[in-house]
Amino acid sequence: VLVMVFYEALCPDSKYFITKQLLPAFKVAAPIMEVQLVPYGKAHTATDSEGKYTFECQHGLTECQANTYHACAAEIIDDPLIRLEVVTCMIRDNRHPKEAMQKVVLKNLFCIQFYNSFRFVLQCAKQYNVDNIDLIQKCFDSSHGSELMKLNGDATNALRPAVTFIPTITLDGSQGRQASILKDLLSEVCKAAGNTEQTQKICTQ
């Protein structure tokens, strides 16, 4: 079952779904689940005078930075479980994405105006033994990070019906039963996977 998660890095509902539903469900049902993360949400994409992509995010610049880190991490980390663990780790510290890679204890949060995102990503990546951490930062710093965000925006805006709530989850392309998916993802994945021997083993534990 292809589970696509259209979310925002600073959205409390996204944070709840990823930490309380998505990761726990994947740990149980990974053999019948493929997860695709689409961090963008209700953002907007534009192009500046130099032809570079710019983004306006629902929760401000910090969220745009965090979404880009999430997009880069999702592309670069190959192992599906580690990818999800790292993204879950980062979204838990979603107000300070740069520190999410390093989990630095901040003594004066109120004086910090910008998202020290890389340090957060670094810590989360180190916690799960990700080898190519530098590639995540290179992705963020380069135009590739913006290109990933543009693609995520295109995918989000292509949803029909259009997104009204974040997160929006699709199972094999279907948005049906959103309330049930958000409340009990594992049960909905089991239903979508069909009545196979593998599904029965996983879903009747």
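Residues numbered from 1 in each chain as written. Predicted model: local features only at pLDDT ≥ 70, side-chain atom pairs only at ≥ 80, totals over all residues. Heavy atoms only, no water.

Here's the deal with unusual backbone geometry
Next up, step 1: Note the cis peptide between R160 and P161, where omega equals 0°.
Next up, step 2: Here the bond from I166 into P167 is cis, since omega is 5°, no more than 30 degrees from zero.
Next up, step 3: Residue position: P167 is located in the loop between α6 (143–157) and β5 (168–171).
Next up, step 4: One non-glycine residue, N129, adopts positive backbone phi at about 55°.
Next up, step 5: Relative to the helices and strands, N129 resides in the loop between α4 (117–127) and α5 (133–141).
Next up, step 6: In this structure, R177 takes a positive phi of about 60° despite not being glycine.
Next up, step 7: Relative to the elements of secondary structure, R177 occurs in the loop between β5 and α7 (178–183). (Helix = DSSP H or I, 4+ residues; strand = E, 2+ residues; numbered from the N terminus.)

A look at the pairing of strand β1 (residues 2–7)
Next up, step 1: Across the 6 residues of β1, 5 count as buried, placing the element largely inside the fold.
Next up, step 2: With 6 bridges joining them, β1 and strand β2 (residues 34–39) adopt parallel strand pairing. Bridge pairing links Y7 to P39 in β2.
Next up, step 3: The handedness of the β1 to β2 crossover, carried by helix α1 (residues 12–29), is right-handed. (Buried < 20%, exposed > 50% of the residue type's maximum accessible area, 1.4 Å probe, protein only. Pairing = 2+ DSSP bridges. Right-handed = clockwise from strand over helix to strand, strands pointing away.)

Details of the packing of helix α2 (residues 61–76) against helix α3 (residues 80–92)
Next up, step 1: It is at 9 Å that the axes of α2 and α3 come closest, and there the two elements cross at 165°. One finds that α2 runs roughly antiparallel with respect to α3. When the axes of α2 and α3 are compared, the crossing they make is right-handed. Contacts between α2 and α3 involve Y69, H70, A73 and A74 on the former and, on the latter, R83, V87, M90 and I91.
Next up, step 2: Taken together, the residues of the contact of α2 with α3 break down into 6 nonpolar, 1 polar and 1 charged. (Axes fitted to C-alpha atoms, helices over the stretch in contact; angles between N-to-C directions. Parallel < 35°, antiparallel > 145°, perpendicular 65-115°, else oblique. Left-handed = near helix turned anticlockwise from the far one by under 90°. Contact = heavy atoms within 4.5 Å. Nonpolar A, V, L, I, M, F, W, Y, C, P; charged D, E, K, R; others polar.)

Topic: α5
Next up, step 1: Looking at α5, one finds that the buried residues are I133, I136, Q137, C139 and F140. Angularly, the buried residues of α5 cover 155° about the axis, an arc narrow enough to put them on a single face. Set apart from the buried face of α5 by more than 90 degrees, the exposed residues are K138 and D141. (Arc of directions from axis to C-beta.)

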